[in-house]
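The primary structure of each chain is shown beneath.
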Amino acid sequence: MRFMLLFSRQGKLRLQKWYLATSDKERKKMVRELMQVVLARKPKMCSFLEWRDLKVVYKRYASLYFCCAIEGQDNELITLELIHRYVELLDKYFGSVCELDIIFNFEKAYFILDEFLMGGDVQDTSKKSVLKAIEQADLLQEDESPRSVLEEMGLA
Amino acid sequence: MVAPSLKLQDLIREIRGARTQAQEREVIQKECAHIRASFRNGDPLHRHRQLAKLLYVHILGYPAHFGQMECLKLIASPRFTDKRVGYLGAMLLLDERHDAHLLITNSIKNDLSQGIQPVQGLALCTLSTMGSAEMCQDLATEVEKLLLKPSPYVRKKAILTAVHMIRKVPGLSSIFLPPCTQLLHERHHGILLGTITLITELCERSPAALRHFQKVVPQLVQILRTLVTTGYSTEHSISGISDPFLQVQILRLLRILGRNHEESSETMNDLLAQVATNTDTSRNAGNAVLFETVLTIMDIRSAAGLRVLAVNILGCFLLNSDKNIRYVALTSLLRLVQSDHSAVQRHRPTVVECLRETDTSLSRRALELSLALVNSSNVRAMTQELQAFLEFCPPDLRANCASGILLAAERFAPTKRWHIDTILHVLTTAGTYVRDDAVANLIQLIGGAQELHAYSVRRLYSALAHDISQQPLVQVAAWCIGEYGDLLLEGNSEETEPLQVGDEEILALLEKVLQSHMSLPATRGYVLTALMKLSTRLPGDNNRIRQVVSIYGSCLDVELQQRAVEYNALFRKYDYMRAAILEKMPLVERGGRQVDEEAEESKEAAQLSEAAPVSTEPQASKLLDLLDLLDGPSGDAQHPPPLDPSPGVALGHLLDLPCEPPPLAPIPNLRVFERKGVQLNLSFIRPPGTPALLLITVTVTNSSGGDVTHFICQAAVPKSFQLQLQVPSGDTVPAQGGLPITQLFRILNPNKAPLRLKLRLTYNHFGQSVQEIFEVNNLPMETWQ
């Protein structure tokens, strides 16, 4: 996979994960172009399209578009499963996830994605395993924080 | 006490509360100022929160480069919270183009060797997302250490990091290849999946690795078989399919290993048949596995029966109610239509059904596939379907459809009359979308079918009377009426309904076309000439024609004016010659041989370039570097020569006599390059009949002990030449005399200037990347004289 984008129907980018080194300017251009192409698609159309020299797999969940750009020899159908798995992970984590969750907890969305995919490839096919890893990382963070709250109030 | 900084979620709320873009910018600028100040003061406690806010702002599109150094500090902090945000920042803000990114190498190294597992995970993830070649080089051994260490959590990540490292630094394959054999014995799905991905990457990059891993095909087959047969593990299954991600990845690796390798293909035959027949197709997960299986079957040396099974599966996909499945079926069938034509033909009716899809991405595919399926036995039925499609298809598909129908008609027309009818139909339905040479082709066709002159001219007359807006149709009709106007007056023909046309009506129609604002200058030219010809074909005193012609003597368009003046002269001073000059035209020699060649070449090039877009694109951009070395840019490398002018214009055409040039002696081959066993040879051909054309075949051979990979050859020629590089046969020459690479250059030298040729070679050999730029000396004179 080359990159994954999450954006709203209004064209607001909510997450971008790039698996290939590209300049900031080039990225902005590609995002703008691709968003335009995907948002122009009618609701009943198929989830695959060709864009530049890549294949794009996209799926809309409520108000968010999940969009992956894959290469010529990659399997489109399994990419759909991949997107669905990511949404399931988000759903399990946030409990009935909606766009607002991803907006206000964008860093968590990234953390979850980074436990599921690496370099564009799937790291773990077990939902349980991925969620457990996130849980443990969150616990580590929490263990560190009571101290900082006290420090913040100038009491430690 | 300093007021505590805004929490991340509060900032987000505030930004979303802004009602205008300007307001949002204001909020963000204010906050960024605070953040910058906080960074300057070096507040370690809240640094992670400040960076998180900055990252949010960055996602919205605002600049955040001043946070780069803070990422470094956070990564170096012992706190997990800091590291988590710091590494995220590194992935979002640090760019391998800036030297700053190298500064995190040390922190990553420390975290990899001494960190707790979650920290090691963060470091590996960051490395695999934004690790540059230098970083990968430095950290390879650290990652290698983590491949076989106990915790699966870290190992699976280390393996995928290795995949990224090999992509960045192919030389690292030597470090990461050996552990693979042991890793394949693992049972943890994540580790197995990563290993298969790693092996795939290794095999794609090196023929030696490919040969090495062909030995593990039996083991892979066993792994997949176990997955498929021993049911159901809730943890890894989707819709009842055991770990479809892993299945697909194994199938993909098997495809690469079985390609062109009889032994491996045979080993996997049974398993592929098993997966193909037993996978549940009710949900997408199953279909994904089935799809990958089909792709693998088609790409390896599989038994004929298995191939037919695969095509049939695709045929079933075409009937699936899920659009996505139909889409992948159409795409795959298109790839197979050349190699397995008869198997795909069986599904022709279903493919034709897909023409009626409402989704244009599907109908586009269906169109391409339908055109590829036309053959001499089904041409009538298919053309009917395609013509029906042409009438209702979306505008962006019209051109393809029209030219597709015309091409199919040309190749498979059962009778001339059918051919003429078909072209006529296309011109009436989609005249504006046809290619420029369609007019010339149709004229040629009609001219050659003497028995159909009357029929053609009648049909064209009716079509023209009905609609004068479609320019190609008008042009052909005008030419025909000019040539065969006398046949129009004759009235009856058993083939069509009787058409009673008088000479005044013919002239009136042509005048209407002449005066219409829809007619292009070229069209007017056709009509003017037609009118002139009619002066000898129609009875009457030609006054009307003479009037029209003389009016155009003062037309603003130079071409029309010239014709009119010449025709006028014909009427006045040279009236005795008029009949002879305007006689019926003999059949024009198909000087379209050159034209066809170009058309085929550019179609070929278009198909090839579709298959290998990545290889042609960088060639085109890098070519400019090379071209600076010779005298100036030599123009577009892919420029076919101009088409022949239409036969209605040049009367001088009749005087061109075809002549056979004497056959030329063969030109000797030339060895132009040799380095450590790698040789480049040029062989030359000057095809007779096209004196300006030179074909050079470049052959790359390898007698050394090491493989040559990633071979690219670029060329430049002086300005007056036209150079076209065809796609090479491959980019790898295996060691010890393995299959050489061949590439064809086409060089056009219309001015017969002395040929100069400069070549640039890049390739990998013995682990080094080689670049050579040189001018070819001693080019034989026969190549350009």
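Per an unreviewed UniProt entry, chain B goes by AP-1 complex subunit gamma and derives from Carlito syrichta. For the record of chain B, the UniProt heading Sequence similarities (unreviewed entry) holds the text "Belongs to the adaptor complexes large subunit family."

In the annotation of an unreviewed UniProt entry, chain A is listed under the name AP complex subunit sigma and assigned to Carlito syrichta. UniProt, in the comment section headed Sequence similarities (unreviewed entry), describes chain A in these words: "Belongs to the adaptor complexes small subunit family."

Enquirer: Can you help me understand the UniProt feature "domain: AP complex mu/sigma subunit" (unreviewed entry) in chain A in this one?
Expert: Mapped onto the present numbering, the UniProt feature "domain: AP complex mu/sigma subunit" (unreviewed entry) falls at residues 1-140 of chain A. Along residues 1-140 of chain A one finds 47% helix and 25% strand; the C-alpha atoms at either end are 31 Å apart.

Enquirer: Is there a simple way to think about unusual backbone geometry in this case?
Expert: In most cases, non-glycine residues show a negative phi, while peptide bonds are predominantly trans. Residues and elements named next belong to chain B. Positive phi outside glycine occurs at Asp243, with the angle close to 35°. Mapped onto the elements of the fold, Asp243 is located in the loop between strand E2 (241-242) and helix H15 (244-258). With phi around 55°, Asn778 is a residue other than glycine that occupies positive phi space. For Asn778, a relative accessible area of 67% corresponds to the exposed category.

Enquirer: Even after reading the chapter, I still don't get the sheet that holds strand E1 (residues 3-8) of chain A, so can you show me in this structure?
Expert: Strands in a sheet are paired, the pairing made by backbone hydrogen bonds, and the direction either parallel or antiparallel. All names here are of chain A. Pairing within the open sheet is antiparallel, and its 5 strands lie in the order E2-E1-E5-E4-E3. Each of the sheet's edge strands pairs with one partner strand only, and the pair in question is strand E2 (13-18) and strand E3 (48-51). Strand-to-strand, the axes of this sheet are offset by a mean angle of 20°, without reference to chain direction. In this sheet, E2 lies alongside E1 in antiparallel orientation, the contact comprising 5 bridges. By the bridge assignment, Phe3 is partnered in E2 with Trp18.

Enquirer: It is not clear to me how the pattern of salt bridges should be interpreted in this structure. Could you clarify?
Expert: If the charged atoms of two oppositely charged side chains come close together, the side chains can form a pair. Taken as a whole and assessed by the stated rule, the structure comprises 40 salt bridges over all chains. In this structure, the salt-bridge partner of B:Arg301 is B:Glu262, at a minimum N-O distance of 3.4 Å. Note that B:Arg301 is positioned in the loop between helix H17 (284-299) and helix H18 (304-318) and B:Glu262 in helix H16 (residues 262-278), a separation of 39 residues in sequence. Note that B:Arg307 is salt-bridged to B:Asp340, the shortest N-O span being 3.0 Å. With a gap of 33 residues between them, B:Arg307 in helix H18 and B:Asp340 in the loop between helix H19 (323-336) and helix H20 (341-345) connect regions that are remote in the sequence. Pair check on accessibility: B:Arg307 and B:Asp340 agree, each one buried. Each of A:Asp121, B:Arg167, B:Glu201 and B:Arg205 takes part in a single network of salt bridges with overlapping partners.

Enquirer: Honestly, the environment of A:Glu142 in this entry has me stumped. Any pointers?
Expert: Residues and elements named next belong to chain A. Of note, Glu142 is situated in helix H5 (residues 127-152). With a relative accessible area of 52%, Glu142 lands in the exposed category. Here the alpha-carbon distance between Glu142 and Cys46, two residues 96 residues apart in the chain, equals 43 Å.

Enquirer: It is not clear to me how the pairing of strand E5 (residues 693-702) of chain B should be interpreted in this structure. Could you clarify?
Expert: Looking down a regular strand, the side chains alternate between one sheet face and the other. All names here are of chain B. By the criterion of burial, E5 is predominantly enclosed, with 7 of the 10 residues buried. As defined by bridge partners, E5 adjoins strand E8 (residues 741-748) across 8 bridges and the pair is classed as antiparallel. In the strand pairing of E8, Val700 is matched with Ile741.

Enquirer: Would you mind going over helix H27 (residues 453-466) of chain B with me for this structure?
Expert: Note: α-helices contain 3.6 residues per turn, so residues at a spacing of three or four share the same orientation. For H27(B), with 14 residues, the first-to-last C-alpha span of 20 Å sits near the 20 Å given by 1.5 Å per residue. Each element contacted by the buried residues of H27(B) is listed here: helix H25 (416-430), helix H26 (437-448), helix H28 (471-489) and helix H29 (503-515) of chain B.

Enquirer: Would you take a moment to explain the packing of helix H6 (residues 105-114) of chain B against helix H8 (residues 133-145) of chain B for this structure?
Expert: The relative placement of two packed helices comes down to the angle between their axes together with the axis-to-axis distance. Residue and element names in this part refer to chain B. Direction vectors running N to C along H6 and H8 enclose 10°, while the axes themselves pass 10 Å from each other. It follows from the interaxial angle that H6 and H8 lie roughly parallel. Contacts between H6 and H8 involve Thr105, Ile108, Lys109, Leu112 and Ser113 from the former and Met135, Asp138, Leu139, Glu142 and Val143 from the latter. Grouping the constituent residues of the contact of H6 with H8 by class yields 5 nonpolar, 2 polar and 3 charged.

Enquirer: Quick question: what am I supposed to make of the side chain of A:Asp114 here?
Expert: Counting through the fold element by element, A:Asp114 comes out in helix H4 (residues 106-116). Taking the relative accessible area as the measure of exposure, A:Asp114 reaches 7% and is therefore buried. Contact partners of A:Asp114, with chain neighbours within four places excluded, come to A:Lys17, A:Gln123, B:Met91, B:Cys125 and B:Lys157.

Cut-offs applied
Residue indices begin from 1 for each chain and proceed along its sequence in written order. Written order determines the labels here, with chains lettered from A and ligands numbered from 1. Confidence filtering applies because this is a predicted model: local features only for residues at pLDDT of at least 70, side-chain atom pairs given and counted only at 80 or more, and all residues used for totals across whole chains, interfaces and linings. Only hydrogens and water are set aside; all other atoms, that is, all heavy atoms of the structure, feed into the side-chain values. UniProt positions are given in the numbering used here, feature names are shortened, and annotations may be inferred rather than shown by experiment. The helix and strand labels rest on DSSP assignments: H or I over at least four residues marks a helix, E over at least two residues marks a strand, and numbering proceeds from the N terminus. Only protein chains enter the accessibility calculation, which uses a 1.4 Å probe. A residue is then buried if its area is under 20% of the maximum for its type, exposed if over 50%, and partly exposed in between. Pairs of strands are assigned from DSSP output, requiring at least two bridges between the strands. Between the N-to-C directions of two axes lies an angle of 0 to 180 degrees, each axis being a line fitted to C-alpha atoms and, for a helix, fitted only over the stretch in contact. For salt bridges, the criterion is a side-chain nitrogen of Lys or Arg within 4 Å of an Asp or Glu carboxyl oxygen. Each helix should span, by expectation, one fewer than its residue count multiplied by 1.5 Å. Residues are treated as being in contact if the distance between any of their heavy atoms lies within 4.5 Å. Reported orientations rely on four angle classes, namely roughly parallel under 35 degrees, roughly antiparallel over 145, roughly perpendicular from 65 to 115, and oblique for the rest. Gly is placed with the polar residues, together with every amino acid not listed as nonpolar (Ala, Val, Leu, Ile, Met, Phe, Trp, Tyr, Cys and Pro) or charged (Asp, Glu, Lys and Arg).

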